[in-house]
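These are the residues of each chain, in order.
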Amino acid sequence: MAFIYNDLIAQIKQQESGLMGIHLPMLSMHFTEFVYETRLNEDDYPSIESYIKKASYQEKREIFEVLGFKVLYMTLSGIKVIHFAEGRAYGAPTNPSIDQAFLDNKRNVFIINVEQGTTNLYFILEYQSDDALAEYTVDREALAEEQATREQIRAIFGRKKD
């Protein structure tokens, strides 16, 4: 078995927001599953640390690019994923943020989290489709409540929306 474009999208459509404060769906998998799905040599990459150190930046990107996904960002930090999605990281578009464009059904972006022990490798991927990913993964009622609560807090503390 290997990653297949349509299968990966089908799995993502069943996910929910993965990291605090952003709405991009996240698919998490253990490194051993990642090795299996990507057909990496287990002897060359016995751990996620060895993969991070030995595989080139281009090799990491090609895993998803050959399937037709655009790799927007790779990082070892969940905080950097959040900042990138919010448009607060180097190289991230700032207006609208990736997260807001996702919520507005303008971009199909998701996160793959590869984990082993306490080490995580995050890939932020995008694909083109008229079928909006957010329609499958975002609870619009919960989102409306979250935004109303945020506006109430801003009103209480007198902070204007950025």
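Being a predicted model, the structure only gives us computed values, none of them experimental.

### Points about helix H1 (residues 5-12)
Argument step 1. Inspection of H1 places Leu8, Ile9 and Ile12 among the buried residues, and these make up the whole buried set. The buried side chains of H1 occupy one side of the element, clustering within an arc of 100° when seen end-on.
Argument step 2. Where H1 is buried, its residues meet strand S1 (26-30), helix H4 (57-65), strand S3 (108-116), strand S4 (119-127) and helix H7 (134-137).

### Examining the environment of histidine 23
Argument step 1. Looking at where histidine 23 falls in the secondary structure, it is placed in the loop between H1 and S1.
Argument step 2. Taking the relative accessible area as the measure of exposure, histidine 23 reaches 10% and is therefore buried.
Argument step 3. Residues histidine 23 and arginine 88, spaced 65 residues apart in sequence, show a C-alpha to C-alpha distance of 15 Å.
Argument step 4. Residue contacts for histidine 23: discarding those within four places in its chain leaves Ser17, Asp99, Phe102, Leu103, Val138, Leu143 and Glu146.
Argument step 5. A polar contact of 3.3 Å, which involves the side chain of histidine 23, links it to the side chain of glutamate 146.

### Considering the nonpolar core
Argument step 1. Of all hydrophobic cores here, the largest spans 48 residues; its most connected members are Phe34, Tyr51, Phe64, Ile111, Ile112, Val114 and Phe123.
Argument step 2. Looking at this core element by element, the count peaks at six residues for S4.
Argument step 3. Dropping the residues within four chain positions of it, isoleucine 111 is found in contact with Ile12, Leu19, Ile22, Leu24, Pro25, Met26, Leu27, Val81, Tyr122, Phe123 and Ile124.

### Observations regarding the confidence of the model for the protein
Argument step 1. Taken over all residues, the pLDDT of the protein has a mean of 89, while the share at 70 or more is 94%.
Argument step 2. The element-level mean pLDDT for the protein is lowest in helix H8 (residues 140-157), coming to 84, with S4 highest at 96.

### Here's the deal with unusual backbone geometry
Argument step 1. Its identity is not glycine, yet arginine 39 carries a phi of approximately 60°, on the positive side.
Argument step 2. Within the element layout of this structure, arginine 39 appears in the loop between helix H2 (31-38) and helix H3 (48-54).
Argument step 3. Phi at asparagine 105 takes a positive value of approximately 65°, unusual for a residue other than glycine.
Argument step 4. On the accessibility criterion, asparagine 105 (33% relative accessible area) is partly exposed.

### Some points on the packing of aromatic side chains
Argument step 1. Evaluation of the coordinates by the stated rule reveals 14 aromatic pairs.
Argument step 2. Both rings, one in phenylalanine 3 and one in phenylalanine 64, keep their centres 5.6 Å apart while their planes meet at 40°; by these two values the pair is tilted. Of this pair, phenylalanine 3 sits in the segment before H1 while phenylalanine 64 sits in helix H4; the two residues are 61 residues apart in sequence, bridging distant segments of the chain. Summarising the burial analysis for this pair, phenylalanine 3 and phenylalanine 64 share the class buried.
Argument step 3. Among the aromatic side chains, those forming a connected cluster through ring pairs are Phe3, Phe31, Phe34, Tyr45, Tyr51, Phe64 and Phe123.
Argument step 4. We note lysine 13 situated over the ring of tyrosine 136; from NZ or CZ to the ring centre the distance is 4.3 Å.
Argument step 5. Sitting above the plane of the tyrosine 51 ring, lysine 60 keeps its charged end 5.8 Å from the centroid.

### What about a negative patch on the surface?
Argument step 1. Side chains of Glu16, Asp139, Glu141 and Glu145 sit close together on the surface and give a patch of like negative charge.
Argument step 2. Inspection of the secondary structure assignment puts glutamate 16 in the loop between H1 and S1.
Argument step 3. On the basis of relative accessible area, glutamate 16 is assigned to the exposed category, the value being 62%.

### Looking at a nonpolar patch on the surface
Argument step 1. The grouping of Ile153, Ile156 and Phe157 at the surface amounts to a nonpolar patch, some 380 Å² of accessible area in total.
Argument step 2. With respect to the helices, strands and loops of the structure, isoleucine 153 is situated in helix H8.
Argument step 3. Isoleucine 153 gets classed as partly exposed once you look at its relative accessible area, which sits at 44%.

Thresholds applied
Residues numbered from 1 in each chain as written. Predicted model: local features only at pLDDT ≥ 70, side-chain atom pairs only at ≥ 80, totals over all residues. Heavy atoms only, no water. Buried < 20%, exposed > 50% of the residue type's maximum accessible area, 1.4 Å probe, protein only. Helix = DSSP H or I, 4+ residues; strand = E, 2+ residues; numbered from the N terminus. Arc of directions from axis to C-beta. Contact = heavy atoms within 4.5 Å. Polar contact = N/O pair within 3.5 Å; in protein donor to acceptor, adjacent residues only side chain to side chain. Core = buried A, V, L, I, M, F, W, Y, C linked by side-chain atoms within 4.5 Å. pLDDT = per-residue confidence, 0-100. Phe/Tyr/Trp six-rings, centres within 6.5 Å; stacked < 30°, edge-to-face > 60°. Lys NZ or Arg CZ within 6 Å of the ring centre and 35° of its normal. Patch = residues over 30% accessible without salt bridge, like charges linked within 9 Å, V, L, I, M, F, W, Y side chains within 5 Å. Areas by Shrake-Rupley, 256 points an atom, 1.4 Å probe, with all protein chains shown as cover. Salt bridge = Lys/Arg side-chain N within 4 Å of Asp/Glu carboxyl O. Lys, Arg positive; Asp, Glu negative; His and termini not counted. Charge placed at Lys NZ, Arg CZ, Asp CG, Glu CD.

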